[in-house]
Each structure stands twice: as structure tokens, then as C-alpha cells.
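An overview of the molecular structure
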Amino acid sequence: MKSFNMTNIKTSSDGAWQGDNPLNYAFPLLIAQTTVVLITSRFIAYLLKPLRQPRVIAEILGGILLGPSVLGRQEDFFHLLFPSWSTPILESVASIGLLFFLFLVGLELDLSSILRSGKRAAGIALAGISLPFLFGAGVSVFLRKAVHGEEKVGYGQYLMFMGVSLSITAFPVLARILAELKLLTTQMGQTAMAAAAFNDVAAWILLALAVAIAGDAKRPLTSIWVLISGVVFVAFMLFFVRPTMNWVARRSQHDFVDEVYICVTLAGVLISGFMTDLIGIHSIFGAFVFGLTIPKGGEFAAKLIKRIEDFVSCLLLPLYFASSGLKTDVAKIRGVEAWGLLILVISTACAGKILGTFVVAMLCMIPARESLALGVLMNTKGLVELIVLNIGKEKKVLNDETFAILVLMALFTTFMTTPTVLVICKPLRRVASQARRLSHQQSVPESSQEEFQILACVHGPRSVPAIINLIESTRSITKPQLRLCVMHLVELTDRSSSIMMVQRARRNGVPFINGFSHCTSKDRIAAAFQTYAHVSRLTVHHSTAISALAIMHEDICQVAEDKKVEMIILPFHKQWMGEGDDAIENVGHGWRGVNQLVLETAPCTVAVLVDRGFGGSDIGGGATMTITRKRVCILFLGGADDRGALELGSVMAEHPTVSVTVMRFLVTDQSGTTVFSNSNSFSDTPEKNKSEKEMDEAALEDFKRKWNESVEYVEKEVRSITEEVITIGQSRGFELIVVGKGSCVADHQMEHSELGLIGDILASSEHCIIPSALVIRQGKFPEPTKPLSQNSLRARKPCALTPS
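As annotated in an unreviewed UniProt entry, the protein chain is Cation/H+ exchanger domain-containing protein from Erythroxylum novogranatense. The UniProt entry for the protein chain carries the following comment under Subcellular location (unreviewed entry): "Membrane". According to the UniProt record, the Sequence similarities (unreviewed entry) comment for the protein chain is "Belongs to the monovalent cation:proton antiporter 2 (CPA2) transporter (TC 2.A.37) family. CHX (TC 2.A.37.4) subfamily."

This paragraph deals with the overall build of the protein chain. Counting its secondary structure elements, the protein chain contains 27 helices and 13 strands. Just so you have it, the protein chain exposes about 34,900 Å², and 59% of that area is on carbon and sulfur atoms.

Another point: the nonpolar core. Counting residues in hydrophobic clusters, the biggest one holds 137 residues, and the most contacted among them are Leu 102, Phe 103, Trp 204, Ile 294, Leu 383 and Ile 387. The leading source of residues in this core is helix 9 (residues 187-215), at 14 residues. Setting aside residues no more than four positions away along its own chain, Trp 204 makes contact with Leu 102, Ile 284, Phe 285, Phe 288, Val 384 and Ile 387. Counting 48 residues, the second-largest nonpolar core is a separate cluster that includes Val 559, Trp 591, Val 667 and Val 739.

Glancing now at the pattern of salt bridges. The tally for this structure, following the rule as stated, stands at 12 salt bridges. For Arg 55, the salt bridge is made with Glu 59, and the minimal N-O distance between the two is 3.3 Å. Here Glu 59 and Arg 55 lie together in helix 2 (residues 55-66), a separation of four residues that amounts to about one turn. The same class applies to Arg 55 and to Glu 59, which are both buried. With a closest N to O distance of 3.1 Å, Glu 754 and Arg 592 form a salt bridge. Of this pair, Glu 754 sits in the loop between strand 12 (736-740) and helix 26 (756-762) while Arg 592 sits in helix 22 (residues 589-601), and the two are 162 residues apart along the sequence. The exposure class assigned to Glu 754 is buried, which follows from its relative accessible area of 6%. The network of salt bridges with common partners includes Arg 664, Glu 697 and Glu 715.

Moving on to a nonpolar patch on the surface. Together, Leu 221, Ile 224, Trp 225, Ile 228 and Val 232 line one region of the surface with nonpolar side chains, adding up to about 520 Å² of accessible area. When you line up the elements, Ile 224 lands in helix 10 (residues 220-251). Classification of Ile 224 by relative accessible area gives partly exposed; the value is 45%.

Under the counting rule described, the total for this entry stands at five aromatic pairs. Geometrically, the ring pair formed by Phe 236 and Phe 240 is stacked, given 5.6 Å between the ring centres and 25° between the ring planes. Note that Phe 236 and Phe 240 are positioned in helix 10 at a spacing of four residues, about one turn of the helix. Here Phe 236 falls in the partly exposed class, since its relative accessible area comes to 45%. With relative accessibility at 54%, the residue Phe 240 sits in the exposed group. Its guanidinium or amino end placed over the ring of Phe 403, Lys 393 lies 5.4 Å from that ring's centre, counting from NZ or CZ.

The terminal C-alpha atoms of helix 23 (residues 640-653) lie 20 Å apart, and with 14 residues this matches the ideal 20 Å at 1.5 Å per residue to within 8%. Across the 14 residues that make up helix 23, a large majority, 13, are buried.

Let's shift gears to the pairing of strand 13 (residues 772-777). Burial of strand 13 is extensive: six of the six residues sit out of reach of the surface. Burial along strand 13 is two-sided: Ser 772, Leu 774 and Ile 776 and Ala 773, Val 775 and Arg 777, pointing in opposite directions, are all buried. Sheet topology note: the strand 7 (residues 605-610)/strand 13 ladder contains five bridges and is antiparallel. Across the sheet, the residue bridging to Val 608 is Val 775, located in strand 13. As paired elements, strand 12 and strand 13 share five bridges and run parallel to each other.

For Met 365, which is not a glycine, the phi torsion comes out positive at approximately 65°. Here Met 365 lies in the loop between helix 14 (335-363) and helix 15 (368-378). In this structure Met 365 comes out as exposed when scored by relative accessible area, which is 71%. Residues other than glycine seldom take positive phi values, yet Lys 396 does so here, at roughly 65°. Taking the relative accessible area as the measure of exposure, Lys 396 reaches 68% and is therefore exposed.

Attention now goes to the packing of helix 1 (residues 26-48) against helix 13 (residues 299-327). Between helix 1 and helix 13, the shortest axis-to-axis distance is 9 Å and the interhelical angle comes to 85°. With respect to helix 13, the axis of helix 1 lies roughly perpendicular. For the pair helix 1 and helix 13, contact is made by Thr 34, Val 37, Leu 38, Ser 41 and Arg 42 and by Cys 314, Leu 315, Pro 318, Leu 319 and Ala 322, respectively. Across the contact of helix 1 with helix 13, the residue classes tally to seven nonpolar, two polar and one charged.

Let us look at the pairing of strand 8 (residues 630-636). Summarising burial for strand 8: six of the seven residues are buried, a large majority. With four bridges connecting them, strand 8 and strand 12 associate as parallel partners. Directly across from Ile 634, in strand 12, lies its bridge partner Val 738.

In this section: the packing of helix 18 (residues 464-473) against helix 20 (residues 524-536). The interhelical angle for the contact between helix 18 and helix 20, taken along N-to-C directions, is 25°, at an axis separation of 11 Å. Between helix 18 and helix 20, the crossing angle belongs to the class labelled roughly parallel. Seen along the crossing, helix 18 lies across helix 20 with a hand that is right-handed. Counted together, Val 464, Ile 467, Ile 468, Ile 471 and Glu 472 of helix 18 and Ile 525, Ala 528, Phe 529, Tyr 532 and Ser 536 of helix 20 form the full contact between these two elements.

Taken over all residues, the pLDDT of the protein chain has a mean of 77, while the share at 70 or more is 78%. Predicted confidence is poor over residues 617-623, with pLDDT under 50, and the contacts of this stretch with residues over four places away or in other chains come to 19 contacts. The low-confidence segment residues 781-804, where pLDDT is below 50, has 52 contacts with residues more than four positions distant or belonging to other chains.

Bringing helix 8 (residues 171-181) into the picture now. It helps to recall that an α-helix has 3.6 residues per turn; residues three or four apart then point in one direction. Where burial is concerned, most of helix 8 is hidden: 10 out of the 11 residues are buried. Within the span of helix 8, buried status applies to Phe 171, Pro 172, Val 173, Leu 174, Ala 175, Arg 176, Ile 177, Leu 178, Ala 179 and Leu 181. One or two steps after helix 8, the chain reaches Lys 182, where phi turns positive at roughly 60°.

Position of Trp 247 relative to the elements: it lies in helix 10. Classification of Trp 247 as partly exposed rests on a relative accessible area of 42%. Between the C-alpha atoms of Trp 247 and Pro 295, which are 48 residues apart in sequence, the distance is 9.6 Å.

Attention shifts here to the environment of Val 153. Inspection of the secondary structure assignment puts Val 153 in the loop between helix 6 (119-146) and helix 7 (155-167). Measuring from C-alpha to C-alpha, the distance between Val 153 and Leu 398 comes to 8.4 Å, with 245 residues separating the pair along the chain. Here Val 153 is in contact with Arg 144, Tyr 158, Lys 396 and Val 397, once residues within four sequence places are set aside.

Relative to the elements of secondary structure, Gln 453 occurs in strand 1 (residues 452-458). For Gln 453, a relative accessible area of 8% gives the class buried. A distance of 3.3 Å separates the side chain of Gln 453 from the backbone oxygen of Lys 563, its partner in a polar contact.

Reading guide: rules and limits
- Residues numbered from 1 in each chain as written.
- Predicted model: local features only at pLDDT ≥ 70, side-chain atom pairs only at ≥ 80, totals over all residues.
- Heavy atoms only, no water.
- UniProt positions renumbered as here; feature names shortened; annotations may be inferred.
- Helix = DSSP H or I, 4+ residues; strand = E, 2+ residues; numbered from the N terminus.
- Areas by Shrake-Rupley, 256 points an atom, 1.4 Å probe, with all protein chains shown as cover.
- Core = buried A, V, L, I, M, F, W, Y, C linked by side-chain atoms within 4.5 Å.
- Buried < 20%, exposed > 50% of the residue type's maximum accessible area, 1.4 Å probe, protein only.
- Contact = heavy atoms within 4.5 Å.
- Salt bridge = Lys/Arg side-chain N within 4 Å of Asp/Glu carboxyl O.
- Patch = residues over 30% accessible without salt bridge, like charges linked within 9 Å, V, L, I, M, F, W, Y side chains within 5 Å.
- Phe/Tyr/Trp six-rings, centres within 6.5 Å; stacked < 30°, edge-to-face > 60°.
- Lys NZ or Arg CZ within 6 Å of the ring centre and 35° of its normal.
- Expected span 1.5 Å × (residues − 1).
- Pairing = 2+ DSSP bridges.
- Axes fitted to C-alpha atoms, helices over the stretch in contact; angles between N-to-C directions.
- Parallel < 35°, antiparallel > 145°, perpendicular 65-115°, else oblique.
- Nonpolar A, V, L, I, M, F, W, Y, C, P; charged D, E, K, R; others polar.
- Left-handed = near helix turned anticlockwise from the far one by under 90°.
- pLDDT = per-residue confidence, 0-100.
- Polar contact = N/O pair within 3.5 Å; in protein donor to acceptor, adjacent residues only side chain to side chain.

Structure follows, in C-alpha cells:
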């Protein structure tokens, strides 16, 4: 095997045409290593996605897979891609990512909120640290004697690292698990987050102590100086640097100095890391403490996260997990005794965390099942655990076998959290849901049952004006008062910014909901709807749903069910920034999936708004409302969804500034005979077909009888509905076209199937459509026991949430 002298290693090659192998040079090899690590970790994350596991599991497994445990056993492959001379380079780059990631972790932790968390969270955190630490100290006696080579390590050093590794709770990982399980804003989730935050701070203190003790076992006075220097460093950061960073945050509000202060802050991360490394603790400790000094919740912290989190979390941090995996050799765990030690460590770690948390939670009068789930949640490990183990290996405290045992322990305890909590909490969630429904039925006064309630969902400020104008158009002068629920949909990701939003969430009865009253005054969405509520004298309930896009629909449907709304308004995933189809902004394919799932599962009527400029003039605070007359066209072909569109048109017709036109299409064949135009509305059973036709005719007759004077009714015989819809859409006769989702056109290839075929034409980017469109999917209600009135859209109440 060819050997390399580190002093002779070059950064880049002259290329394959010059006879150089790029993998023998530092930079091309680093590129190859990074690519392999990213592909491997992402592939494993994709495989683990159905199991609802946090990404840290996939990244650790990816490192182990690439290490000597699996692929590394093929020596040719291992020495080709991960030669020994490349290890310092890979670890240096990974350490840069780790340094800035720990800075982000410091940004996530708000010391003031931790101190306000209360005695319950502090007691649970203390029990969740002390008992596992004692158990770790006890098991270290057996490990030190049973594992070959560990008897040479000082007992104090070994005890500290074992105790810390068993007592850690991974705060960022726990937050994402709670978010995934929709337990974050429950009492149990709030308690777990507060206790984990306490635990995280205590873990860093213990880690600093362990590193100081491990520095030089033969010179205890040195360890004391390291500890004193560390305390002085923390005091200096909190009492001198923190006020400075508050001043920097205020100054950085001005764009012309913003970049300067961002650069100064990033340099501060590096300097802080250098100082703690100089002291003898570890560079990451300095970055973490510096993150604590940054003011939380303001724009400055958001700007910092926006600039560094993707590059660090998605590119550099996986390299750290890979370097950890390269040090993990499961083959070092040989024989029955070694595997018995692994089982002992896992059992001890689980028993210490779960038992300690369970006992204290019971003493705090938390129900037994919730106390048990809380204990399992607090047993979550993550990045900090790996940091402890890597430092222990670096300081020669942990050998290969002990390191492998503890890495597998961290993997197992984190992997078991989600399925175990699901089993424990499933009955709890069912009971809580039943209790919510019963409480709502008992607490809602009779008068509120007459209110027309709408749930309006928004992605961002751009979708606000059109939704406000649409809601204003549905306000009735003579009918029951409109009650508006506004939900700001925010995607929960693995980003630190998501965790910061999660921390600001407060309990509100629904997962991931926090009131807008707690947002900053510059929140344009909040300001817009607050202004609209004040101007229009409406009752508006504000909330924010922070969830992964795959399960966002569950939050929307749950709120719709709990609030007993009659209609959900969803913004289309494409937004037109100006007239014409060239100015299209796609907010993301994932949001289209959210709309599709809501349309399939919602317990009430759903309306998808395709906005092509339905907004109006500014009325202050970011809210917009058009005061000119709006022209609305209802396209009617027949079927339940089109009847729902007709009912909404009846509501709009009551508004004095809305002009409604109902246009009914009668499809004719070549001989001029009228044929049925909506195949989705009919069954193969002639009796049901006849019933649908009768309901269509009855709905139209009721509508015409009620609005004969003020609504224009047009019947058109057409041969191609597609051409007719395109003609109407290209004209400037209407500002809004309302159509049922079920409307079918056989000769049109759909681009957006969730809108139905006519809705797809109106949302198309190919036909130069001018007006906005509103696509209605009528609510899925139980079969009525008596005929429905013409205002059934208001009178109907949603049934229990069931998948379609």
C-alpha cells in the first residue's frame, strides 16, 4: 500500500490527463468524501422517513455504514476514499461545521425562558440528570474492569465521561420528535422542552468539567486552572459580550451596516472557539456560549440563521457524523461478554432517564401514562452525545470498544423514542380529542352556532390581500355574523430557525399553534388581519401552524373540526406577481401536497384560491381591501361541488359591492342535442343520476327565485367547454370565477388534478387567464335526514374527521 508523507500532500491535482489521480490530492478527495457522505445520509434518511425518525439517526448510521463496521471492511475501498492521511483534513472541515452548528444551538436556547420554566421542569431535569449520572458512575466500574485497556484510564475521568454520556438529553432532536408526534404544545411537550433545555445547559457544564478533568490526570492543579479560566470566560461573555451583541443587534437594523455586523459576529464565533481551545476546554464550548449572548427572537438572530444554517446543517455537519462513524467499529464488540456490556449500558441509560423522570413527574401530579412518555422523551440522545464521545476518544478516555458501545447506545435510545411514545400517547390523544369535542359542544353558546365561520390559511404576506378581499366578498349584511380564523402555515424543517419558531409556540389546544399576539409588531400577516378586523369589525382568531408539510393537513383539519368552521380557504401553490403568466412564483411543490391532502380529508367545504391579482388598495398595516365593485362569475355544470359554488355565490350576492353572474353550460352534440356535461356528478345507477339532476335543478330554481332581480343568469349551449372557459378567462369581464372541483371536461389534459378539470384550465399558465379563480370542494357531510335549505352552506356543521 502506498504511503504518504503529510508534508508532501498537495491541495489539488493537475488532472487525469496529466496522469494524476485526484483522490491522491487533498481537495478533490474532500469533494469526493463530502459527496459520498451526503448521498449516503440522505438515502438512509429517505429509508427511515416512514419510521418518523429524526435525521440525526440517518447521519449517524451513514457514518457507521461508511466506517470500518461495514464498507470499511473492504480495505481497498476504505483506503481509496478515506485514507489515513485525509482524516485530519476531513475532521478539520467537519469541526468548522460543528463550531457554527453549536453556535446555532446557543441561538436556540433562550436562558430567560429557561429560568421562567418553573420548578416542575427544573425538578424533572434535575432527576433526569442526577439519576442517570449515578447509574453511569456505577456502570463505569464494570466497564473499566471488563473492557481491555480502560483500567489504565483514571477513574475520575472515566466516571465523568460515562456519567455525562448517559445523562444527556438532545434538546434539538427532542424538539423535532415532539413536532413530528404533534405533542409540542401539549402540557407534556411543554414540560419536556423546558426540562430538556435545563438538561442541555447542565450537560454543557458537565462536559466542560469532564474535559477539564481529562486534560491532565497527573497534574490536578492544571484542571483547576482550566475550570477557573472557563468560569471567567463564561462570565466575560455574559456580562460584557452580551450587552455588546445587544447593541450590535440594534445597529444591524440598518441595511448599510448589516453586513459588517454579520461578519463581525461570524468572526466572534471563531474567536470564541479559539479562546476556549486556548483555555483547554474545547472550541465548540466557546461557540455555544457565544450563541447564548445573541439576543433571541429579533431580526438579527433570524438574519444570522438565514445565512449559515443551510450550509452548516446540510453540508458540513454530516461530515462530522461521518468522521464519528469512521471511528466506530462495531466489530470491536466481540463475544458474549462485550454484547452483554452493550445491553447493560443501554438498560442503565434507559432505566436512569425513564425512572428518574417518571418518579419526579408523578410527584408533580402528572398522570402515570404521561409521566412514562415524558421519561422516554427525555431519553433522547443526539449530537451532543456524539460530541462527548468524540472528545472522550480524543482525550484517550474511551477506547474503540467503549466508544462503539456508547455510540450504539445513543442510536438505540434515540431510535426507540418515537415508536415508544406513539404507543404510550395514542390513547391519550384519542381521549384528548374526545374531551375537546365534548368541551366544545358544552361551551359554545347557542348564538355562536348561527355564525358563519371561515378558516383562512396563508403561506406568507403575498397571499393576504386576495384572501382578505375574498372574505370581505362573503360577508353578509342580513345573515349571521362572519367569524374568521386565520392560520399562518409555517413549514417545520431541520433548520434552527424552525426550532426557534417552535420554542415561541404556546399551548393553545391544537398542536403547533401560537397566537399572533406574541409575534413582533413587524409581522405583516398579523398586522394585516388585525387592521382588517378593526376596519370591518369582525371577530378574528389568529394562529400559526408550525408543522412538517407531510402532516400539515392534520393541523388544518383539526382546527377546522374544533372551531366548527363551514369553509376552509387555501391559497394555491402558485402566485402571480403581475399580469400575465411570466410573473409566476411557485411557493413549493410541498404546499401543493398540503392542499391535496386537505381537499381529501377536510370535514367541511374547501375553497382553493388561485390569485391573479384579486387584491386591492392598501388600507394600512399591510391589509388590502378593494372598495370598487367586484364582478364574480359562477360556472355551473352540475354536481355537488357546483351546487356548493352556487351556494357561495348566493352568499356573495348579498354583499352590496359584489355583482354575481351565474353561467350554466349545456353541452350539445353535433346534432344539437343537449347531453350531460359533468360525468363526475353521476353514478352508474339511473336512480342516482336522476336524483342528482333533480337536486341541480332545484338548487338553480331556488337561486333564481331568490336573486332574480340582482343576479344575472345565463344559459349557454356549448360544444367545447374547454374553449368556452378559456374564452371567459381571457376576457376582462370578471375579477373572480367560482367553479366546483368536480366539473369535468373530457378533452383537457390536467396539470393540477386537485382543482378538477375546469379549475385546472383557470390555473393554467398556458392560456393567459386574467381573472382569479376559486375552486370549491363541497363538504363531506352525513346524508341529510330532511331537505337542505338554500343556505345550507351556512347551516351545515362538519362531521367527525375521517379520511376519504
